[in-house]
Amino acid sequence: MTPVLVTGLPRSGTSWTGKMLAASGELVYVNEPLNPQHPPGQCPGVLDAQVTHRFQYICPDNDEVWLPAFADTVALRYRFLAELRRNRSPYDLARMIRYGTAFTLGRLTGRRALLDDPFALLSAGWFAERLSCRVIILLRDPVSFVGSWQRLGWTIYFHELLEQPLLVRDHPHLEALRPLVGCQDRVAKAVALWRAARTVALDLAARHPGILLVRYEDLAADPPRGFRRLYEWSGLTWSARAEERISRACTAAAGGAGGFVWNGLSRTAYRPMDSRQALATAAGRLTPEEIHRVRELASL
């Protein structure tokens, strides 16, 4: 059965998109197996391989470990003993029960795996080729993307990309990021990451028919129409129940102050929201001067 991968830079709507696809009832949602942080990553029951970098690059030249590990993941074979050897806290045990049950029931009932993983972005071609995934890459407007990262205080450490020789070999334009290693300008670094990711995404989509590029803004502006298209692309059944779930989730008032939080045992950042209102407020996270600078840097 064909697995689905939803990817894109962090804060590009991957969790939201993944949860809306899971509303079909035909998928088992798997959150960020390539995240080097535990949780949600470093859980060998879900992915029995050691993640060493953010945006870990996987290709045919280094997949001797990754291919069997992800073959188990997308086949919904949970590795209970591997998980118990590494993670034994009460939270980890509860998570093991949740994922172990979901994997087992999903496999027995013929469901498919849905991987929601922004850290798989640079390896999306491998997922499409070697695992036959239907891949959805989300692209977000640079102002909204940078504003979200600024609000959260996030930054990128480019050495994690540049220290992966196979990644630089296959995407040599990433060498342009080297002068920004150690830079303290978070806006410039976030825009540089956005530009590099866009270049990779466009290149991968041009070479792999199993990869679809989707603008986050288009999806948020008209969720029923956008998700119906994604259901068709992913081979999912567009039902009245799925449409109702998506409409309800995309018109809900966001809880709390709208900050980033991890939710539930899956450790996903998804929360119901009014997607159209979210579009209207995204640009307000930057000053007019910062917006102008982001636009200039993004167009270089």
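Further up the page is the structure itself.
In this report, the structure presented in the accompanying data block is examined. It should be emphasised that the depicted structure is a prediction, and the values quoted were computed from it without experimental measurement.

What counts, and where the lines are drawn
- Residues numbered from 1 in each chain as written.
- Predicted model: local features only at pLDDT ≥ 70, side-chain atom pairs only at ≥ 80, totals over all residues.
- Heavy atoms only, no water.
- Helix = DSSP H or I, 4+ residues; strand = E, 2+ residues; numbered from the N terminus.
- Contact = heavy atoms within 4.5 Å.
- Areas by Shrake-Rupley, 256 points an atom, 1.4 Å probe, with all protein chains shown as cover.
- Axes fitted to C-alpha atoms, helices over the stretch in contact; angles between N-to-C directions.
- Left-handed = near helix turned anticlockwise from the far one by under 90°.
- Nonpolar A, V, L, I, M, F, W, Y, C, P; charged D, E, K, R; others polar.
- Core = buried A, V, L, I, M, F, W, Y, C linked by side-chain atoms within 4.5 Å.
- Buried < 20%, exposed > 50% of the residue type's maximum accessible area, 1.4 Å probe, protein only.
- Pairing = 2+ DSSP bridges.
- Salt bridge = Lys/Arg side-chain N within 4 Å of Asp/Glu carboxyl O.
- Phe/Tyr/Trp six-rings, centres within 6.5 Å; stacked < 30°, edge-to-face > 60°.

Quick word on the overall build of the chain
Looking only at helices and strands, one finds 14 helices and five strands in the chain. Here the analysis covers contacts within the chain between residues at least 6 apart in sequence; of these, 74% occur between residues at least 24 apart. As presented, the chain carries roughly 13100 Å² of accessible surface, and 55% of it is formed by carbon and sulfur atoms.

Quick word on the packing of helix 9 (residues 186-207) against helix 14 (residues 288-298)
As a packed pair, helix 9 and helix 14 sit with axes 9 Å apart at the nearest point and diverge in direction by 40 degrees. The way helix 9 lies across helix 14 gives a crossing that is right-handed. Contact residues: helix 9 offers Val187, Ala188, Val191, Trp194, Arg195 and Arg198, while helix 14 offers Arg293, Val294, Leu297 and Ala298. Its residues placed into classes, the contact of helix 9 with helix 14 shows seven nonpolar, no polar and three charged.

Some remarks on the nonpolar core
Counting 65 residues, the largest nonpolar core has Leu34, Trp66, Phe70, Phe127 and Phe158 as its most contacted members. Of all the elements, helix 9 adds the most residues to this core, at eleven residues. Excluding its chain neighbours within four sequence positions, the residues that come into contact with phenylalanine 70 are Pro33, Leu34, Leu47, Ile58, Leu115, Trp126, Phe127 and Leu131. Ranked by size, the runner-up nonpolar core spans 27 residues in total, among them Trp16, Val214, Tyr216 and Phe227.

Regarding the pairing of strand 3 (residues 112-116)
Burial of strand 3 is extensive: five of the five residues sit out of reach of the surface. Neither face of strand 3 is open: one carries Arg112, Leu114 and Asp116, the other Ala113 and Leu115, and all of them are buried. Sheet topology places strand 1 (residues 4-7) next to strand 3; three bridges connect them, and they run parallel. Looking at the pairing, leucine 5 lines up with leucine 115 of strand 3. In the sheet, strand 2 (residues 27-31) pairs with strand 3 via five bridges, with the strands oriented parallel. Bridging across to strand 3, asparagine 31 finds its partner in aspartate 116.

Focus on the environment of leucine 105
With respect to the element layout, leucine 105 can be found in helix 4 (residues 90-108). Since its relative accessible area comes to 48%, leucine 105 is described here as partly exposed. The spacing of leucine 105 and leucine 76 is 29 residues in sequence and 9.0 Å in space, taken between C-alpha atoms.

Here's the deal with the pattern of salt bridges
Throughout the structure, instances matching the rule amount to 13 salt bridges. Here glutamate 160 ties to arginine 54 by a salt bridge, and the two come within 3.6 Å at their closest N and O atoms. Highlighted residues: glutamate 160 in helix 7 (residues 159-162) and arginine 54 in the loop between strand 2 and helix 2 (66-74), separated in sequence by 106 residues. In this structure, aspartate 61 engages arginine 169 in a salt bridge whose closest nitrogen and oxygen atoms are separated by 2.8 Å. Placement of the pair is aspartate 61 in the loop between strand 2 and helix 2 and arginine 169 in helix 8 (residues 165-170), with a sequence separation of 108 residues. Here the residues in one salt-bridge network are Asp61, Arg169 and Asp170, joined through shared partners.

Details of the packing of aromatic side chains
Counted under the stated rule, the structure contains twelve aromatic pairs. With a centroid separation of 5.7 Å and 90 degrees between ring planes, the pair formed by tyrosine 78 and phenylalanine 103 is classed as edge-to-face. Placement of the pair is tyrosine 78 in the loop between helix 2 and helix 3 (80-86) and phenylalanine 103 in helix 4, with a sequence separation of 25 residues. For the pair formed by tyrosine 78 and phenylalanine 103, the shared burial category is buried. Considering the side-chain rings of tryptophan 126 and phenylalanine 127, the 5.1 Å spacing of their centres and the 90 degrees angle between planes classify their relative orientation as edge-to-face. Take tryptophan 126: its relative accessible area is 3%, and that puts it in the buried class.

As for the environment of asparagine 62
Topologically, asparagine 62 is positioned in the loop between strand 2 and helix 2. When sequence neighbours within four positions are dropped, the list of residues in contact with asparagine 62 reads Tyr57 and Leu166.

Details of the sheet that holds strand 5 (residues 211-215)
Taken together, five strands build an open sheet; the order of strands is 2-3-1-4-5 and the sheet is parallel. The two strands at the open ends of the sheet, each matched to only one other strand, are strand 2 and strand 5. Strand-to-strand, the axes of this sheet are offset by a mean angle of 20 degrees, without reference to chain direction. Against the sheet, helix 1 (residues 14-22) makes contact with strand 1, strand 2, strand 3 and strand 4 (134-139), and its axis sits at roughly 160 degrees relative to strand 2, the strand it touches most. Sheet strands in contact with helix 11 (residues 223-234) are strand 1, strand 3, strand 4 and strand 5, and its direction is about 175 degrees off that of strand 5.

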